[in-house]
Amino acid sequence: GVLYNKDKTELIQYPIGNSRTSFKIPDSVTTIGNLAFISCYSLTSVTIPDSVTTIELAAFEDCDSLTSVTIPDSVTTIGYDLFSGCSSLETLTIGSGIKEIPESYFSGHGALKTVNLSEGVEKIGNYAFSGCTNLTSVTIPDGVKTIGNYAFSGCTYLETINIPDSVKFIGSEVFNTDKLTCDETVDGLIYIGDILVDDISKSLAACFRSKGKTGLADTLEALDVAAKIRTATGFSSGEIQRDLTLR
């Protein structure tokens, strides 16, 4: 059976080779231990209760049938390589207890298609989701202040992303896909076209002009992007500062 500590507050080891496809962690558990579910090849879903506050190193490593995981708001600490080798993981929801997505944390998770970040996350680290080649949708909540260098680099199928007005810093080459376009149905900064990449397409200029007051500008401290905005839109520096506001 499943191995717990004496008072059942830590799940130490789920039996490798167990044929069950789903498992609900008991409400008494506060910690999921290192490598607790390693190589549980049959599991397609694991329910993590609100009692859990800590998920340790590589807890779900090589659970290659796991398709969807929700980390509840109660979790405040997550170890590295949490989902390493989870080659079927397509949907990930991260609760509000996690303040930072660490550098390279989900880098190379090729199966990921949808990532939902909850309010509470303040920083997306460098390379956090780089190389997630099937990622099509990311929800970035209000409250995020920093999106690090190359955070979504190599996410070649990423089509929609929102940048809330809480963001104060966007790093270099955060996006490098030509699929991101302006969404006329959403108010505010939603597009990102090919911004922060080496080759900015004409679609970005069209997006700026069609939306009028939309873009990066006063709220962004990383104004090294301004030169690329000027190139793409034809706006002068003064027009960028006066007319482009983040709403």
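Rules used throughout
- Residues numbered from 1 in each chain as written.
- Predicted model: local features only at pLDDT ≥ 70, side-chain atom pairs only at ≥ 80, totals over all residues.
- Heavy atoms only, no water.
- Helix = DSSP H or I, 4+ residues; strand = E, 2+ residues; numbered from the N terminus.
- Buried < 20%, exposed > 50% of the residue type's maximum accessible area, 1.4 Å probe, protein only.
- Contact = heavy atoms within 4.5 Å.
- Areas by Shrake-Rupley, 256 points an atom, 1.4 Å probe, with all protein chains shown as cover.
- Pairing = 2+ DSSP bridges.
- pLDDT = per-residue confidence, 0-100.
- Salt bridge = Lys/Arg side-chain N within 4 Å of Asp/Glu carboxyl O.
- Phe/Tyr/Trp six-rings, centres within 6.5 Å; stacked < 30°, edge-to-face > 60°.
- Core = buried A, V, L, I, M, F, W, Y, C linked by side-chain atoms within 4.5 Å.

(A) Up close: the overall build of the protein chain. Scanning the protein chain for helices and strands turns up 3 helices and 16 strands. Sorting the 247 residues of the protein chain into buried and exposed places 46% on the buried side. Across the protein chain, the fraction of contacts at a sequence separation of at least 24, relative to all contacts at a separation of at least 6, is 31%. For the protein chain, the computed accessible surface area is about 10,700 Å², with 47% contributed by carbon and sulfur atoms.

(B) Quick look at the sheet that holds strand β14 (residues 146-147). Strand order in this open sheet of 4 strands is β10-β12-β14-β16, and the pairing throughout is parallel. Strands at the two margins of the open sheet, each flanked by one partner only, are β10 (100-101) and β16 (169-170).

(C) Summary view of the confidence of the model for the protein chain. The pLDDT averaged across the protein chain works out to 76; a share of 71% of its residues lies at or above 70. Scored below 50 in pLDDT, residues 181-247 shows 129 contacts in the model against residues more than four places distant or in partner chains.

(D) Summary view of the pattern of salt bridges. The full count for this structure, using the stated rule, is 3 salt bridges. For lysine 24, the salt bridge goes to aspartate 27, with nearest N and O atoms at 3.5 Å. In this structure, glutamate 90 and lysine 113 form a salt bridge, with 3.9 Å as the shortest nitrogen-oxygen distance. Of this pair, glutamate 90 sits in the loop between β8 (77-78) and β9 (91-94) while lysine 113 sits in the loop between β10 and β11 (114-117); the two residues are 23 residues apart in sequence, bridging distant segments of the chain.

(E) Structural view of the packing of aromatic side chains. In this structure the tally under the stated criterion is 11 aromatic pairs. Between phenylalanine 37 and phenylalanine 60 the ring centres are 5.0 Å apart and the planes differ by 10°, which places this aromatic pair in the stacked class. One end of the pair, phenylalanine 37, is in the loop between β4 (31-32) and β5 (45-47); the other, phenylalanine 60, is in the loop between β6 (54-55) and β7 (68-71), and 23 residues separate them in sequence. Under the relative-accessibility criterion, phenylalanine 37 is labelled buried at 0%. What makes phenylalanine 60 buried here is its relative accessible area of 1%. Seen from their ring centres, tyrosine 80 and tyrosine 105 are 5.5 Å apart, and the 50° between their planes marks the pair as tilted. Of this pair, tyrosine 80 sits in the loop between β8 and β9 while tyrosine 105 sits in the loop between β10 and β11, and the two are 25 residues apart along the sequence.

(F) Local environment of the sheet that holds β8. Pairing within the open sheet is mixed, and its 5 strands lie in the order β1-β2-β4-β6-β8. Single-partner strands in this sheet number two, and they are β1 (3-4) and β8. Taken together, the 2 bridges between β4 and β6 define a ladder with parallel strand orientation. Within β6, the residue paired with threonine 31 across the bridge is threonine 54.

(G) Focus on the nonpolar core. Residues Phe37, Ile55, Phe60, Phe83 and Phe152 are the most contacted members of the largest nonpolar core, which totals 56 residues. Counting only elements with at least two residues in this core, the list comes to β7, β9 and β11. Once residues within four sequence positions are removed from consideration, phenylalanine 83 is found in contact with Phe60, Leu66, Val69, Ile71, Leu89, Leu92, Phe106 and His109.

(H) Seen up close, unusual backbone geometry. A positive phi angle, close to 60°, is found at leucine 35, a residue other than glycine. Note that leucine 35 resides in the loop between β4 and β5. Take leucine 35: its relative accessible area is 34%, and that puts it in the partly exposed class. The phi dihedral of tyrosine 127 is positive, around 60°, even though this residue is not glycine. Here tyrosine 127 is to be found in the loop between β12 (123-124) and β13 (137-139).

(I) Representation of the side chain of serine 130. By secondary structure assignment, the location of serine 130 is in the loop between β12 and β13. Given a relative accessible area of 9%, serine 130 falls into the buried group. If near-sequence neighbours (up to four positions away) are discounted, serine 130 is found in contact with Phe106, Ser107, Gly108, Tyr150, Ala151, Phe152 and Ser153.

(J) Here's a closer look at the pairing of β9. Judged by which residues are buried, β9 turns out to be one-sided: Leu92 and Ile94 face inward and are buried, whereas Thr91 and Thr93, on the alternate face, are not. One ladder, built from 4 bridges, connects β9 with β11; its direction is parallel. Paired with leucine 92 across the bridge in β11 is valine 115.

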